[in-house]
Every structure is written in structure tokens, then in C-alpha cells.
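The lines below spell out each chain.
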Amino acid sequence: MAVPKSRTSKKVKNQRRTHKKLHVPGMIECSNCGEYTKPHHVCSSCGQYDGKEVLSN
């Protein structure tokens, strides 16, 4: 079996895990209703995208 030659330091361990984190997606305010949505997505509240109605409620 493989056995580590020396102990992995806290610094090396934490540097390896820097990309494993939660992040909040960027949100923009809908120009029509003011609801927060993801950029370049249709507003789930009012159904508008780029000032045009895409979905009818």
C-alpha cells in the first residue's frame, strides 16, 4: 500500500481545496417587475426578457 512520506501541512491541504466552495450566482434586477433573476434568463415572475414578453402567465 502507498504510505505518505511526510505529513501534508495545513497550508498545502487548504491550497488544494480552494476551489471547493459555495458561491452565490450573480443576480440582476428585472427592469419590468423588479424581481431578482439570473442575467440572460427569462424572468420567472413576469415572463419578460430584454423588455419583451416571452412567456405569458
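Asker: I would appreciate a short explanation of the overall build of the chain in the present structure.
Answerer: In terms of helices and strands, the chain carries one helix and four strands. In sequence order, the secondary structure elements of the chain are arranged as α-β-β-β-β. Expected size for 57 residues packed as a compact globule is a radius of gyration near 10 Å; at 22 Å, the chain overshoots this value by more than 25%. When burial is assessed residue by residue, the chain has 11% of its 57 residues classed as buried. For the chain, the exposed surface amounts to about 5,600 Å²; the carbon and sulfur share of it is 53%. On the chain, the mean spot of the 11 positive side-chain charges and the mean spot of the 4 negative ones are 38 Å from each other.

Asker: Sorry if this is basic, but what is going on with the side chain of T37 here?
Answerer: One can find T37 in strand 2 (residues 36-37). Residue classification places T37 among the buried residues on the basis of a relative accessible area of 9%. Those residues in contact with T37 that lie beyond four places of it in its chain are G26, M27, I28, C43 and S44.

Asker: Before we go on, may I ask you to explain the confidence of the model for the chain in this structure?
Answerer: Detailed reading of the predicted coordinates is not advisable wherever pLDDT is low. Looking at the chain as a whole, its pLDDT mean stands at 90, while 98% of the residues score no less than 70. Confidence scores differ between elements of the chain, with strand 4 (residues 52-53) showing the lowest mean pLDDT of 85 and helix 1 (residues 10-16) the highest of 95.

Asker: Just to check I follow, could you spell out a positive patch on the surface for this structure?
Answerer: A surface patch of positive charge is lined by R7, K10, K13, R16, R17 and K20. The topology assignment puts K10 in helix 1.

Asker: Looking at this structure, how should I read the pattern of salt bridges?
Answerer: Oppositely charged side chains can form a pair if their charged atoms are brought close together. In this structure the tally under the stated criterion is one salt bridge. One salt bridge connects K52 with D50, and the closest N-O pair in it is separated by 3.8 Å.

Asker: Teacher, can you tell me more about the environment of I28 here?
Answerer: Counting through the fold element by element, I28 comes out in strand 1 (residues 28-29). Sequence spacing of I28 and P39 is eleven residues, and the spatial spacing of their C-alpha atoms is 6.0 Å. For I28, the contacting residues outside a window of four places in its chain are E35, Y36, T37, K38 and P39.

So, how was this worked out
Residues numbered from 1 in each chain as written. Predicted model: local features only at pLDDT ≥ 70, side-chain atom pairs only at ≥ 80, totals over all residues. Heavy atoms only, no water. Helix = DSSP H or I, 4+ residues; strand = E, 2+ residues; numbered from the N terminus. Rg over C-alpha atoms; globule rule 2.2 N^0.38 Å. Buried < 20%, exposed > 50% of the residue type's maximum accessible area, 1.4 Å probe, protein only. Areas by Shrake-Rupley, 256 points an atom, 1.4 Å probe, with all protein chains shown as cover. Lys, Arg positive; Asp, Glu negative; His and termini not counted. Charge placed at Lys NZ, Arg CZ, Asp CG, Glu CD. Contact = heavy atoms within 4.5 Å. pLDDT = per-residue confidence, 0-100. Patch = residues over 30% accessible without salt bridge, like charges linked within 9 Å, V, L, I, M, F, W, Y side chains within 5 Å. Salt bridge = Lys/Arg side-chain N within 4 Å of Asp/Glu carboxyl O.

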